[in-house]
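So the chains spell out like this:
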Amino acid sequence: MSETTSTAPTSADVARLAGVSRATVSYVLNDTAGGRVSEKTRLRVRAAADQLGYVPHAAARSLRAGHTGLVLMAAPEITFGPLFNEFFAELRAGLRDHGYTAVLYGTRGDLSGREIARAWAELRPTAVITGVTDDLTPEGVEILRRSGTRAVLSLAERPVPGAHSLLLDQSAVGATAGEHLVARGHRAIGVVMPTDATLRRFSEPRLAGVRQAAAGARVEPLALDYTESSAAELAARWRSLGLTGLFCYNDEYAALIQAAFQDAGIAVPTDAALVGADDLMLARVLRPRLTSVHVSLPEGIALADLIDRLIREPDTPPETYRIGDATITVRDSS
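Residues numbered from 1 in each chain as written. Predicted model: local features only at pLDDT ≥ 70, side-chain atom pairs only at ≥ 80, totals over all residues. Heavy atoms only, no water.

A. Fine view of the overall build of the protein. Secondary structure summary: the protein contains 13 helices and 12 strands in total. Relative to the globule expectation of 20 Å for 334 residues, the C-alpha radius of gyration of the protein, 26 Å, shows a markedly less compact shape. Reported as C-alpha extents along the three principal axes, the dimensions of the protein are approximately 80 × 50 × 40 Å. The 334 residues of the protein split such that 48% are buried. Residue pairs at least 24 apart in sequence account for 70% of intrachain contacts in the protein once pairs closer than 6 positions are excluded. Carbon and sulfur atoms provide 51% of the accessible area of the protein, an area that totals close to 16,600 Å². For the protein, the distance from the average site of its 35 positive side-chain charges to the average site of its 39 negative ones is 6 Å. (Helix = DSSP H or I, 4+ residues; strand = E, 2+ residues; numbered from the N terminus. Rg over C-alpha atoms; globule rule 2.2 N^0.38 Å. Buried < 20%, exposed > 50% of the residue type's maximum accessible area, 1.4 Å probe, protein only. Contact = heavy atoms within 4.5 Å. Areas by Shrake-Rupley, 256 points an atom, 1.4 Å probe, with all protein chains shown as cover. Lys, Arg positive; Asp, Glu negative; His and termini not counted. Charge placed at Lys NZ, Arg CZ, Asp CG, Glu CD.)

Following this line, the structure appears as structure tokens:
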């Protein structure tokens, strides 16, 4: 019996097949050298690489660049809605345009802040962005910095010493909804609290915001599964609750509840004034159209530009940016 072994093709193999130097192969496959390599030569080199199945070595490229080009986006196990999904998709695209590779890293709840930072550092990321999580600590920032990470950013409600901070105040979302309902004369307001535990870091500050804005009014938290049966159960007992307004956590929960209310003969907004959040297209296509809290997140491309600058200027002192301004978009449901 014979054993067959295969060796991965090298840049030297590509150079021989294309009839050029290894330096030219490097220039072409790493998109460097500008106009010093003709388009005809570029096409010949790429064709040779495709024929051989050659892929540039990431580690070797990192040595040339002085960093890995890896941007680690650390996020907890959260059920993100369309607004955040779109934001992260734009951010990944913007980073790709700058030549970085964005990797979404799911954090583990059983690790300490130090252990999580060490796990991140093992990947030698050029930048780390922690999204809506409390895992990043000042010690973790120091661990990352010492391992070679050039930029550490935190997307959270409070700054993390040593890191650049993108502050997103979830309580302002609830406060905006509460202010609107109070201004419309409501003094008994329900607040939908998703039973999905991963959403507590959003729902609890939003509830606190409603309570702050509606001081003196009755504010009643209402636990709700994201299911038709749970919404129907809330609709069945709505009149007995003595509430007149309802902040529905986000537009998706509002749509679920509005459908259940319509099935139960509860008129919106006469019997129940509804307010959602995120101001999705969904809010505009519902009937009645949904009043919603609009959250102004930065464009992912603009944030990618910021990250690129912080990577290129790693000694920049920690900067703080407030994002996610909340405003009410009033429609028919309230």
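B. A look at the sheet that holds strand β8 (residues 245-247). If you trace the 6 strands from one edge of the open sheet to the other, you get β7-β6-β8-β9-β10-β12, paired in mixed fashion. A strand with exactly one partner marks an edge of an open sheet, and here the two such strands are β7 (218-224) and β12 (325-329). Strand after strand, the sheet turns through a mean of 20° between neighbouring axes, direction not considered. Relative to β7, strand β6 (residues 188-194) is paired through 7 bridges, and the arrangement is parallel. Looking at the pairing, G190 lines up with E220 of β7. Lying on the sheet, helix α10 (residues 228-241) is in contact with β7 and β8; it crosses β7 at an angle near 155°. (Pairing = 2+ DSSP bridges. Axes fitted to C-alpha atoms, helices over the stretch in contact; angles between N-to-C directions.)

C. Empty space enclosed by the protein, seen in detail. Across all of its chains, the model carries 1 cavity of 30 Å³ or more by this definition. Of the pockets and cavities examined, the largest cavity occupies roughly 40 Å³. Lining the largest cavity are L83, F84, L168, Q170, V173, R206, D278 and V295. Counting only elements with at least two residues in the lining of the largest cavity, the list comes to α5 (82-97) and α8 (170-183). (1 Å grid on protein atoms, 1.4 Å probe; cavity = no way out; pocket = protein on both sides within 12 Å on 5 of 7 lines; lining within 4 Å. Points joined across faces, edges and corners; volume = space filled by probe spheres on them.)

D. Geometry of the environment of R289. Looking at the element boundaries, R289 is found in the loop between α12 (281-285) and β10 (291-296). Spatially, the C-alpha atom of R289 lies 9.9 Å from that of V268, the residues being 21 residues apart in sequence. If near-sequence neighbours (up to four positions away) are discounted, R289 is found in contact with A283, R284, R331, D332 and S333.

E. View of the nonpolar core. By size, the foremost hydrophobic cluster in this structure holds 72 residues, and its most contacted members are L91, L234, W238, L246, F261 and I307. When residues of this core are assigned to their parent elements, the largest contribution, 7 residues, is made by helix α11 (residues 251-263). With near-sequence residues (within four places) excluded, L234 lies in contact with L222, L224, L241, L246, I257 and F261. Core analysis: the second largest hydrophobic core is formed by 14 residues, L72, A117, I143 and A163 among them. (Core = buried A, V, L, I, M, F, W, Y, C linked by side-chain atoms within 4.5 Å.)

F. Here's a closer look at the side chain of D251. Structurally, D251 can be placed in helix α11. Although D251 is buried, it makes no salt bridge; R331 carries the closest opposite charge, 6.3 Å away. In terms of polar contacts, D251 uses its side chain to reach the backbone amide nitrogen of A277, at 2.9 Å. Polar side-chain contacts of D251 include one of 2.9 Å to the backbone nitrogen of D279. (Salt bridge = Lys/Arg side-chain N within 4 Å of Asp/Glu carboxyl O. Polar contact = N/O pair within 3.5 Å; in protein donor to acceptor, adjacent residues only side chain to side chain.)

G. Representation of the pairing of β10 in the model. As paired elements, strand β9 (residues 273-277) and β10 share 3 bridges and run parallel to each other. Note that in β10 the partner of A277 across the bridge is V293. As judged from the 5 bridges shared by β10 and β12, these two strands associate in the antiparallel manner. From the neighbouring strand, S292 faces β12, where its bridge partner is T329.

H. Layout of the sheet that holds strand β4 (residues 151-156). Taken together, 6 strands build an open sheet; the order of strands is β2-β1-β3-β4-β5-β11 and the sheet is parallel. Edge positions in the sheet fall to β2 (101-106) and β11 (320-323), since each has one partner strand and no second. For this sheet the average axis-to-axis angle between neighbouring strands, irrespective of direction, equals 15°. Note that strand β5 (residues 164-168) and β11 share 4 bridges and pair parallel.

Geometry only, nothing functional implied.
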